[in-house]
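Residues per chain are reported as follows:
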Amino acid sequence: MLTVDFNRLGIGPSTKVIDVGCGAGRHAFEAFRRGSDVVAFDRDAAELRSVETMLQAMAESGEAPATASAKAVVGDALSLPYDDETFDCVIASEILEHVPQDDAAITELIRVLKVGGTLAVSVPRWLPERVCWMLSKEYHSNEGGHVRIYRASSLRDKITCRGMELTHIHHAHALHSPFWWLKCAVGVSNADHPVVAAYHRLLVWDLMQRPKITQVAESLLNPLVGKSVAMYFTKPRPAEIAATQGYSVASG
């Protein structure tokens, strides 16, 4: 289940991509499948071992082009072990809400992005997330859980104030919002509750079969209750930044 729209990333063969806070690796897998040179980056070494195993299996089965490369790297998003302007695309999906020092993390994401490159960021949307917090303390108070609820405008401003240009914004996973509301209402750890279990089967069916009815329903509901908000930014060239500030590089 992808949150980021890969058609907006402009990636393909020879493109360098880093998926920061990759978790189970869903976005790293898709980037690899499209022929990119991918780094799946996370602080969870145990989860990264599973990601690395999957990447190797993809390569061996021919699911990714032979020209592509992929590796899993353990590290801290607050101190990415890469030079400035290393990657053509930086993905940070559902990670910033977990990071107490999100400003430092955003600075790092932008630092390693090449000029002209694309940054894709997604976080839980304010309203669905707020409902979850109201229904359950367990939902967000566990170790490594969510430490804040973003308004889209505040996250946008945190990124654009660092010189990035917003190119697109959309919402995703509307069908998942009621699922999490139900989980929060009956207890996040109560996965066997019949209503939660039934809804989970619906989501799995939708993921596997992609029926037209759920795709249409989700597209209509995303603007209202999409669980995530995704934003896309480009890193402008110095001359472009100067132009927006009303002067040229030469005169600056």
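What you see is a predicted model; the values in this text were computed from it and never measured. (Residues numbered from 1 in each chain as written. Predicted model: local features only at pLDDT ≥ 70, side-chain atom pairs only at ≥ 80, totals over all residues. Heavy atoms only, no water.)

**Student:** Help me understand the UniProt feature "domain: Methyltransferase type" (unreviewed entry) in the protein in this model?
**Tutor:** When the UniProt feature table is mapped onto this chain numbering, "domain: Methyltransferase type" (unreviewed entry) sits at residues 18-120. Helix and strand shares over residues 18-120 are 34% and 29% respectively, and the end C-alpha atoms of the span are 11 Å apart. (UniProt positions renumbered as here; feature names shortened; annotations may be inferred. Helix = DSSP H or I, 4+ residues; strand = E, 2+ residues; numbered from the N terminus.)

**Student:** How should the sheet that holds strand β7 (residues 228-234) be read in this particular structure?
**Tutor:** Remark on secondary structure: sheet strands pair via backbone hydrogen bonds, oriented parallel or antiparallel. Taken in spatial order, the seven strands of this open sheet run β3-β2-β1-β4-β5-β7-β6, and their pairing is mixed. The sheet is open, and its two borders are formed by β3 (69-74) and β6 (165-172), each paired with just one other strand. Looking at each pair of strands side by side, their axes are set apart by 15° on average, direction ignored. Pairing geometry for strand β5 (residues 113-124) and β7, over seven bridges, is antiparallel. Opposite V121, over in β7, you have M231 as the bridge partner. (Pairing = 2+ DSSP bridges. Axes fitted to C-alpha atoms, helices over the stretch in contact; angles between N-to-C directions.)

**Student:** I tried to follow unusual backbone geometry on my own but got confused; where do I start?
**Tutor:** The phi angle of most residues is negative, glycine excepted, and most peptide bonds adopt the trans form. The phi angle at E94 is positive, at roughly 60°, despite the residue not being glycine. Relative to the assigned elements, E94 resides in the loop between β4 (87-93) and α3 (102-111). The exposure class of E94 is buried, given its relative accessible area of 19%. (Buried < 20%, exposed > 50% of the residue type's maximum accessible area, 1.4 Å probe, protein only.)

**Student:** Help me understand the pattern of salt bridges, please; the structure alone is not making it clear to me.
**Tutor:** A side chain with one charge can pair with a side chain of the opposite charge if their charged atoms come near. Under the counting rule described, the total for this entry stands at 14 salt bridges. Salt-bridge contacts for E63 lead to R33; the nearest nitrogen and oxygen are separated by 2.8 Å. Remark: R33 occurs in helix α1 (residues 26-33) and E63 occurs in the loop between α2 (45-61) and β3; sequence separation between them is 30 residues. Take E63: its relative accessible area is 35%, and that puts it in the partly exposed class. The salt bridge partner of D84 is R111, with a shortest N-O separation of 2.8 Å. Of this pair, D84 sits in the loop between β3 and β4 while R111 sits in helix α3, placing them 27 residues apart in sequence. Relative accessible area serves as the criterion here: at 52%, D84 is assigned to the exposed category. Taking the relative accessible area as the measure of exposure, R111 reaches 22% and is therefore partly exposed. The structure contains a network of salt bridges with shared partners spanning D102, D103, R148, K158 and R162. (Salt bridge = Lys/Arg side-chain N within 4 Å of Asp/Glu carboxyl O.)

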